[in-house]
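Chain by chain, the residues:
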Amino acid sequence: MKPIRKAVLPVAGLGTRFLPATKAVPKEMLTVVDRPVVQHVVDEAREAGIEHFIFVTGRGKAVIEDHFDIAYELDRTLQERGKQAAFEALQRDLPKAGQTSFTRQQAPLGLGHAVWCAREIVGDEPFAVLLPDMLSRGCMGQMLAAYERHGGNVIAVEEVAPEETHQYGIVSVGETFGQTFEITGMVEKPKPGTAPSNFIISGRYILQPEIFPILEHGKKGAGGEIQLTDAMIDLMAEQSFFGMRYEGRTYDTGSKIGFLTANLAYALERDDLAGPLKAEIKRLLAER
């Protein structure tokens with residue numbers, strides 16, 4: 001069983017739900033507290049042991065590449081002004097030379113197409129996919145542990161209220177193995193009342209490279225896009241899929257409420273911000 005060394009991060013989306021903020025700034029570079037969303041996602045993958053980060057970008061996303069590169073002028077200025085702690089923090093955040101790759105998705109043809117664009121860099125080995133809109137703590141580490149137990153393909157899932165299932169990709173539950181279970185089927189955004197479970201696909205995947213020939217066919221699904229879920233359904237005919245119940249909470253920073261909630265949650269975890277932030281929240285609520 002080959003180890004998971006590479007992760008694909010699809011960052012080509014337009015971020016229309018955050019206009020006008022995302023007119024000139026990629027949605028992945030919006031900050032949760034003092035770190036861009038995409039940095040939080042890379043942090044999660046690095047902590048799990050991922051070695052190579054493959055960013056699938058689009059027009060106007062060059063700032064993401066700059067963010068994961070050395071900023072000579074900034075580094076020199078920080079050192080000259082004696083801001084050694086800030087300088088060292090920036091150095092810790094940088095992936096090592098050769099650990100990042102960038103490829104372009106020229107047209108917005110869907111998540112499946114974005115993953116397919118990374119095929120030459122991934123090569124013939126299993127890989128992870130992390131959606132940069134979805135912030136979680138330790139999810140990829142739990143995913144890799146599940147992969148070591150089962151092999152095959154692994155999808156992180158979370159429970160939602162039954163009335164919310166029509167908004168997500170949903171999996172069917174087969175034999176259960178503690179935190180994980182066999183996936184017996186998948187459906188993308190089922191009609192209300194028809195979902196096979198209330199376990200949603202929550203933005204973290206471990207996939208085998210055999211997904212690429214399926215994606216290459218370019219079969220269009222919901223919204224006229226090439227859907228990753230459709231390709232996974234086809235791959236299920238040949239390979240096993242397992243759901244991994246994520247023990248934690250995911251914040252969907254692609255929605256305004258999710259983004260604001262993530263900022264509050266991450267700030268409240270910090271000793272330097274929690275007290276003052278709680279006081280400000282109480283003050284705001286008292287004024288309403």
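Computed from a prediction, not measured in an experiment: that's the story for all the values here.

1. Description of the overall build of the protein chain
For the protein chain, the count of helices and strands is 11 helices and 13 strands. Dimensions of the protein chain along its principal axes, counting C-alpha atoms only, are 60 × 50 × 35 Å. Relative to its 288 residues, the protein chain shows a buried fraction of 47%. At a minimum sequence separation of 6, the contacts of the protein chain that also span at least 24 residues come to 75%. A total accessible area of about 14,800 Å² is found for the protein chain, and carbon and sulfur atoms account for 52% of it. Of the charged side chains in the protein chain, 32 are positive and 39 negative; the average position of the first set lies 5 Å away from that of the second.

2. Here we look at the packing of aromatic side chains
Tallied over the full model, the rule gives seven aromatic pairs. Seen from their ring centres, tyrosine 251 and tyrosine 266 are 6.1 Å apart, and the 75 degrees between their planes marks the pair as edge-to-face. In this pair, tyrosine 251 is assigned in strand S13 (residues 251-252) and tyrosine 266 in helix H10 (residues 256-268), connecting sequence segments 15 residues apart. In this structure tyrosine 251 comes out as buried when scored by relative accessible area, which is 13%. A relative accessible area of 5% places tyrosine 266 in the buried class. When the ring centre of tyrosine 266 is taken as reference, the NZ or CZ atom of arginine 137 above it lies at 3.9 Å.

3. Here we look at empty space enclosed by the protein
Here the structure, examined in full by the defined rule, presents one cavity of 30 Å³ or more. Computed from the structure, the largest cavity encloses a volume of approximately 60 Å³. If you trace the largest cavity, you find it lined by Phe18, Lys27, Glu28, Leu30, Val37, Pro132, Asp133, Thr253, Gly254 and Phe259. Of the residues that constitute the lining of the largest cavity, the class distribution is five nonpolar, two polar and three charged.

4. Points about the side chain of histidine 113
Note on placement: histidine 113 falls in helix H5 (residues 111-116). Only 3.0 Å separates the side chain of histidine 113 from the side chain of glutamine 105, close enough to count as a polar contact. If we skip the residues at most four places from it in the chain, histidine 113 touches Gln105, Ala107 and Ile226.

5. A closer look at the packing of helix H3 (residues 72-80) against helix H4 (residues 84-93)
The packing of two helices is summarised by the inter-axis angle and the distance between the axes. Here H3 crosses H4 at 150 degrees, and the two axes come no closer than 8 Å. Overall, the two elements H3 and H4 adopt an arrangement that is roughly antiparallel. In this structure, the crossing between H3 and H4 has a hand that is left-handed. From H3, Leu74, Asp75, Leu78 and Gln79 reach across to H4, where they touch Gln84, Ala86, Phe87, Leu90 and Gln91.

6. Some words on the side chain of serine 136
If you trace the backbone, serine 136 turns up in the loop between strand S7 (134-135) and helix H7 (139-150). Looking at serine 136, the relative accessible area reads 6%, which means it is buried. Here the side chain of serine 136 touches glutamate 44 through a polar contact of 3.2 Å, side chain to side chain. Excluding its chain neighbours within four sequence positions, the residues that come into contact with serine 136 are Glu44, Arg204, Tyr246, Arg249, Thr250 and Tyr266.

About the thresholds
- Residues numbered from 1 in each chain as written.
- Predicted model: local features only at pLDDT ≥ 70, side-chain atom pairs only at ≥ 80, totals over all residues.
- Heavy atoms only, no water.
- Helix = DSSP H or I, 4+ residues; strand = E, 2+ residues; numbered from the N terminus.
- Buried < 20%, exposed > 50% of the residue type's maximum accessible area, 1.4 Å probe, protein only.
- Contact = heavy atoms within 4.5 Å.
- Areas by Shrake-Rupley, 256 points an atom, 1.4 Å probe, with all protein chains shown as cover.
- Lys, Arg positive; Asp, Glu negative; His and termini not counted.
- Charge placed at Lys NZ, Arg CZ, Asp CG, Glu CD.
- Phe/Tyr/Trp six-rings, centres within 6.5 Å; stacked < 30°, edge-to-face > 60°.
- Lys NZ or Arg CZ within 6 Å of the ring centre and 35° of its normal.
- 1 Å grid on protein atoms, 1.4 Å probe; cavity = no way out; pocket = protein on both sides within 12 Å on 5 of 7 lines; lining within 4 Å.
- Points joined across faces, edges and corners; volume = space filled by probe spheres on them.
- Nonpolar A, V, L, I, M, F, W, Y, C, P; charged D, E, K, R; others polar.
- Polar contact = N/O pair within 3.5 Å; in protein donor to acceptor, adjacent residues only side chain to side chain.
- Axes fitted to C-alpha atoms, helices over the stretch in contact; angles between N-to-C directions.
- Parallel < 35°, antiparallel > 145°, perpendicular 65-115°, else oblique.
- Left-handed = near helix turned anticlockwise from the far one by under 90°.

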